[in-house]
Each structure stands twice: as structure tokens, then as C-alpha cells.
Amino acid sequence: MAAVRAVIFYWALCLIQWTTSMHIEHLFTNEQLDPSFDKPVIHPQNGQVFLGSKNQVYKLSPGLTVLQRVSIGPRVPQGERNSVNVFVKGLVLNQNDSSIIVCSTIPPGACQILSLDDISKVKTPFGASVVSNDPTSPNVLFLSQGASSEAVLFVASWYAMRYGAEATEYLTNTVPLLSSRNPRTLELTPTPLGDPASIFIRDSNNTEAHLRFIYGFSYGNFVYFISRYNLIESRITRLCKSNPSVHTYVDIPVVCGKNGYSVVQGAEFEETNGELYVVFKKHEGAKWRGGPVSSVVCHYKMSEVERQFNRVVDDCHQGQGQLGPHYIHEEVPCPKVSGKVRSILKI
């Protein structure tokens, strides 16, 4: 909720003098000219801060003093001669295993698992690619309880053409768009049908579609991912925890009113009351007649969001709607069926 509340206060309290500054309790920087700090996570019990940086992972005290620093780069990519900087793509704290999952650009989109007590201790070394391998493509990673009541790592990733078509084609055939993984081994979890819990895009040419995953969370029996597409529209994707595969993929649009606010910038889910807050800006070309408002915050009840998803599934049972989206499945009308829908849906 902190990120969304900050946006609300900034927008509403516009009369605060720009010269006024808050007292800074603590500050941390390092000796790098471009530290590129990113992906901070806070231990809920002891307040320690884990922080990614260019070529570094930090463990800080609540007062932002350095407790540990480990180097993750520069590294020489396989098949190359020169070393390159390494950027952190994701940090996920796993209290159940006293570990932290660190994903980085080199090895390409791979993750390793470090000990929370000593981040220089590797519990699980780098394995297969899990996320995209360029510094700018967004990824969403979070832990949630799976169907068997054990923790599961859910991952959403997309790709950019930063390293050329050949490298991008390799990634799109290797790194799933959406996946469910064992947080101790990073291996894909199995589905009830015996398939790996992963969804791939069907054509690497669609990497230019500019899909950006913004946020992810779990609610009830499902996990949700919020994304924006081509700076025009935004969508919420739902997967069933018991079968997080293409067979339970449902995708619906999300907007904030009727004034062109359709491009998601950020989101936060409040679990206690089941409330979702989403920050939007207008899509390109949209105009607001009431004045120069550049962004808005919308508040949704997850009970209402679930009803919308269930309506889409029921409609598809009746042959209404279509299968898709195009980068995963050919867009065709929903077939009318009498049993459960076992295919991906889009409206």
C-alpha cells in the first residue's frame, strides 16, 4: 500500500511548498559512479534490507549500514571474450527456507539461492534461465501458497530485442512468459495433468509487442498478474494455483473510468480486506477535458474482480468471447462446451 498511498498524497496535497524537505533518518550509497540500486526487499522480522545493484547484492541493517556485500559481476558471458556488468532482475525473500532468491542478467536470466544469514553462502547455484536477461525488461516474482499449501515461486517475464533476434529467439523458447517454480530448487512445478507449470509465447516475433508485467499477487485459489500492452491497454491475468498452466489462463482488460486512463503504472494489493489499488495514466492520444490530470488511482474490490473473471469463464462455456491473446494462442471464438473450460480465455 505504501507506493500507492505515496502517489495519492503527492497528487492531492499539491499545495506543499517545494522547498520543504522531510528529515532523512538514514542514507546509503556506495562508491560506484552509477550504483543502479534496485529490487529492495525488507525482512519482516528483523528489518534488514536486501538490495540489488550493478554487480553487487547488499545486506543492510535497518539503519542502512552494510552488513554484507557480495559480488555478482562483472562476468564473461558464455562464448564471449569480454566481461560485462551484471544487473539484478529480481530478489525474493523466502523465510520458510531462510534464503533469498537472486535473479540476474548473467548467466542469462538465471537465478541462484543465497542464505539469509550469510548471503555469501550459495544454497542453490545458477541453473536454467528463469527471467529475461536484459537490464530493462520487467519481471514479476513473488511467493505464494500453492495447491499443496507449500510455498511456490510465481514468475512473469517478457523479453526485449537488446541482444538481437537470435538471442531473443533463444530466450523466448527457454524462458516461460509465466511459470510456477519450487522456491528451493527453482525447477518448474508439475500440474495435475503432468505438464510443467509454464506458459510460453508461440512466436518469438511477438517480442516486439511491448508487453510489460507490472505487478503480481495471490488471492483465494488464484494468482493474478497485471500488465500493460503497447502503452495502450492494460490487463489482469488469472491462473489457478492448483493448475497454473495454459489450461487455466484467463485474461481481462482493466481501465479506470472512461477518460482514457488505461495504462497501468503501478499497483498494490491489500490482502487483509481484499482490495486492489492501481495507478493509471492515459494512453497515447487520449485527452482529458477537465484539466491537466496526468494520472489517477483506482480502487477495486477483489470480490468484484473475481465475479468478472467468473462471468468471462461462464460466457466462454456458452461460446461467447474468444481464446487468446495472440502471443500465446491463436485468437478464435470460444467453443461451446458443457464441461470445464480447459483453454485460455480473453475478452
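Use the structure listed above.
In this text, all values refer to a predicted model and were calculated from it rather than measured experimentally.

Peer 1: Any chance you could break down the state of the cysteines for me, citing the residues and the numbers?
Peer 2: Within this structure, the stated rule accounts for three disulfides. With its sulfur 1.9 Å from that of its partner, Cys 103 forms a disulfide with Cys 111. What sets the handedness of the Cys 103 and Cys 111 disulfide is the S-S torsion sign, and at about 95° it is right-handed. Cys 103 gets classed as buried once you look at its relative accessible area, which sits at 0%. Across a sulfur-sulfur distance of 1.7 Å, Cys 256 and Cys 298 are joined as a disulfide pair. Residues Cys 256 and Cys 298 are joined by a disulfide whose S-S torsion is about 80°; by sign, that bridge is right-handed. Placement of the pair is Cys 256 in the loop between β16 (250-253) and β17 (261-270) and Cys 298 in strand β19 (residues 295-301), with a sequence separation of 42 residues. Across this residue pair, the class does not change: Cys 256 and Cys 298 are buried. Ordinal numbering of bonded cysteines along the protein chain defines a disulfide pattern of 1-2, 3-4, 5-6.

Peer 1: So what's going on with the sheet that holds strand β3 (residues 56-60)? Which residues, and what values?
Peer 2: Pairing in this open sheet of four strands is antiparallel, and the strands run β1-β2-β3-β4 from one edge to the other. Every interior strand has two partners, whereas the edge strands, β1 (38-42) and β4 (66-71), have only one. When strand polarity is set aside, the average angle formed by the axes of neighbouring strands in this sheet is 15°. Bridge count between β1 and strand β2 (residues 49-53): three bridges; the pairing is antiparallel. Bridge assignment links Val 41 to a residue of β2, and that residue is Phe 50.

Peer 1: Tell me about the sheet that holds strand β7 (residues 111-115), and name the residues and values.
Peer 2: Strand pairing in a sheet takes place through backbone hydrogen bonds and is either antiparallel or parallel in direction. In space, the four strands of this open sheet follow the order β5-β6-β7-β8, with antiparallel pairing throughout. Two strands close off the open sheet at either side, each with one partner strand: β5 (88-94) and β8 (122-124). When the angles between neighbouring strand axes are averaged without regard to direction, this sheet yields 30°. Alignment of strand β6 (residues 99-104) against β7, held across five bridges, turns out to be antiparallel. Looking at the pairing, Val 102 lines up with Gln 112 of β7.

What counts as what
Residues numbered from 1 in each chain as written. Predicted model: local features only at pLDDT ≥ 70, side-chain atom pairs only at ≥ 80, totals over all residues. Heavy atoms only, no water. Disulfide = S-S within 2.5 Å. Buried < 20%, exposed > 50% of the residue type's maximum accessible area, 1.4 Å probe, protein only. Helix = DSSP H or I, 4+ residues; strand = E, 2+ residues; numbered from the N terminus. Pairing = 2+ DSSP bridges. Axes fitted to C-alpha atoms, helices over the stretch in contact; angles between N-to-C directions.

Keep in mind that these numbers describe shape and distance, not what the molecule does.
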